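Notes for the structure review
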Amino acid sequence: MYVKRHYSLWMTIRWSRKSLYYGLLYASSVTLIYELTDLEFTLPWEPISVIGIAVAFYLGFKNNSSYDRMWEARKIWGAIVNDSRTFATAILTLMKTNPTEKVVKIQKELIRRHLAWLLALQNVLRKKRTWEHNEDPTKLGFAPSFCEDYKEGIDNEILQYISAEEYEFYKTKSNIPSQLLKKQAEAIQLLEAEGLISDFKHVWLHQIIGKLYDNQGMCERIKNFPLPRQYASTALWMNYVFCALIPFGLLNIFQTSSVLHIWLTIPFSGLIIWIFFLMDRIGDYSENPFEAAYNDVPISSITRAIEIDLREMIGDENIPEPYPVENGFLM
């Protein structure tokens with residue numbers, strides 16, 4: 001996610017340069033054919049502008065829907081931050097006995113397993129789906145720290161917090177984060193059975209686990225259910241139709257002017273085509289907020305921030321550093 005105040009104009013153009021180049025090339029071809037032949041194939045601008053208005057409204061609807069998905073994803077991860085801190089604080093403060101060595105061990109085990117859940121959830125959400133973009137997260141040159149961690153995989157990070165035997169058991173299951181939360185619920189049940197927490201605190205801790213399940217389920221809903229393909233596809237093809245007509249309409253305008261020559265069709269067509277495809281691209285890259293791209297919700301940085309908070313609560317050493325902002329991006 002880009003966190004500086006603005007993308008520079010050059011960054012914006014570089015990100016969407018193909019549509020600009022293809023638009024200029026297409027407009028040049030149409031204008032050159034018009035100039036070199038006697039074919040009168042211009043079109044009045046009025047009907048083309050009506051199509052353009054329809055396309056603009058549709059792109060606005062698509063972009064609003066895409067933004068809603070991204071903003072909901074960010075709110076979910078904000079709730080995960082809050083619920084993680086609440087869970088850790090509850091585990092550390094709600095025991096009925098003084099913090100004996102056994103109690104401290106149980107507290108750390110629960111909090112460490114929660115961190116394993118966070119990492120497992122992050123890993124699940126980063127896995128590619130067929131409707132997402134094909135970019136390789138290991139080749140995001142602007143975020144080398146993230147790329148290095150992504151290449152190493154999640155196993156070593158999770159093994160910091162749970163035993164290899166426990167992790168091997170989870171890997172036989174289809175949904176590792178759900179299994180980790182189930183294990184947390186079983187551990188809390190054991191605390192109540194051993195008299196370490198009261199019935200009320202037992203219920204409250206289970207409610208927090210329920211909230212974590214809710215957060216996970218909402219993330220999975222966004223990840224596993226794309227923006228309906230009919231909306232995304234229709235916007236794209238409508239854009240192509242409109243942009244294909246632009247040079248013909250601008251030729252009609254410029255050929256009747258004694259001041260504006262028909263060759264101005266090329267830069268103006270290229271500019272309009274670029275703007276419309278840029279709007280479409282913004283929505284296209286906003287609809288999948290967990291695909292490890294440069295405009296995603298920065299769940300790796302959020303997870304690292306939670307790791308730091310919770311490990312400081314239990315007095316751990318060798319606490320990792322926050323993910324740095326690299327070239328203006330936070331992953």
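Let us look at the structure shown here. (Residues numbered from 1 in each chain as written. Predicted model: local features only at pLDDT ≥ 70, side-chain atom pairs only at ≥ 80, totals over all residues. Heavy atoms only, no water.)

Digging into empty space enclosed by the protein
- For the structure on display, the rule yields one cavity of 30 Å³ or more.
- Quantified by volume, the largest cavity comes out at close to 40 Å³.
- As for the largest cavity, its lining consists of L119, Q122, E157, S300, T303, R304, E307 and Y323.
- Top element by residues in the lining of the largest cavity is helix 12 (residues 299–313). It accounts for four residues.
- When grouped by side-chain class, the residues that make up the lining of the largest cavity number two nonpolar, three polar and three charged. (1 Å grid on protein atoms, 1.4 Å probe; cavity = no way out; pocket = protein on both sides within 12 Å on 5 of 7 lines; lining within 4 Å. Points joined across faces, edges and corners; volume = space filled by probe spheres on them. Helix = DSSP H or I, 4+ residues; strand = E, 2+ residues; numbered from the N terminus. Nonpolar A, V, L, I, M, F, W, Y, C, P; charged D, E, K, R; others polar.)

Here we look at unusual backbone geometry
- A positive phi angle is found at N318, which is not glycine, with a value near 55°.
- By the secondary structure assignment, N318 is in the segment after helix 12.

Observations regarding the side chain of H114
- By secondary structure assignment, the location of H114 is in helix 4 (residues 101–126).
- In this structure the side chain of H114 is engaged in a polar contact, spanning 2.7 Å, whose partner is the side chain of S84.
- Apart from residues no more than four positions distant in its own chain, H114 is found in contact with S84, F87, Q184, L212 and L310. (Polar contact = N/O pair within 3.5 Å; in protein donor to acceptor, adjacent residues only side chain to side chain. Contact = heavy atoms within 4.5 Å.)

So, the layout of surface pockets
- A volume near 1600 Å³ is recorded for the largest pocket.
- Taken together, 50 residues make up the lining of the largest pocket; nearest its centre are W15, R281, I282, Y285 and Y294.
- Elements with a minimum of two residues in the lining of the largest pocket: helix 1 (9–15), helix 2 (17–36), helix 3 (45–93), helix 10 (229–254) and helix 11 (265–286).
- At ten residues, the largest contribution of residues to the lining of the largest pocket is made by helix 11.

Looking at the side chain of N295
- With respect to the helices and strands, N295 occurs in the loop between helix 11 and helix 12.
- Accessibility expressed as a relative area gives 18% for N295, which makes it buried. (Buried < 20%, exposed > 50% of the residue type's maximum accessible area, 1.4 Å probe, protein only.)

A short note on helix 12
- An ideal rise of 1.5 Å per residue puts 21 Å on 15 residues; helix 12 measures up with 21 Å between its terminal C-alpha atoms.
- Most of helix 12 sits out of view: eleven of its 15 residues are buried.
- Among the residues trailing helix 12, G315 stands out with phi positive, at a value near 70°. (Expected span 1.5 Å × (residues − 1).)

Remarks on the packing of helix 7 (residues 164–171) against helix 8 (residues 176–193)
- One can describe the packing of helix 7 onto helix 8 by two numbers: an axis separation of 9 Å at closest approach and a directional angle of 125°. Viewed along their axes, helix 7 and helix 8 adopt a mutual orientation that is oblique. Seen from above, helix 7 lies across helix 8 with right-handed handedness. Seen from helix 7, the contacting residues are E166, Y167, F169, Y170 and K171; seen from helix 8, they are I176, Q179, L180 and K183.
- Considering only residue class, the contact of helix 7 with helix 8 consists of five nonpolar, one polar and three charged. (Axes fitted to C-alpha atoms, helices over the stretch in contact; angles between N-to-C directions. Parallel < 35°, antiparallel > 145°, perpendicular 65-115°, else oblique. Left-handed = near helix turned anticlockwise from the far one by under 90°.)

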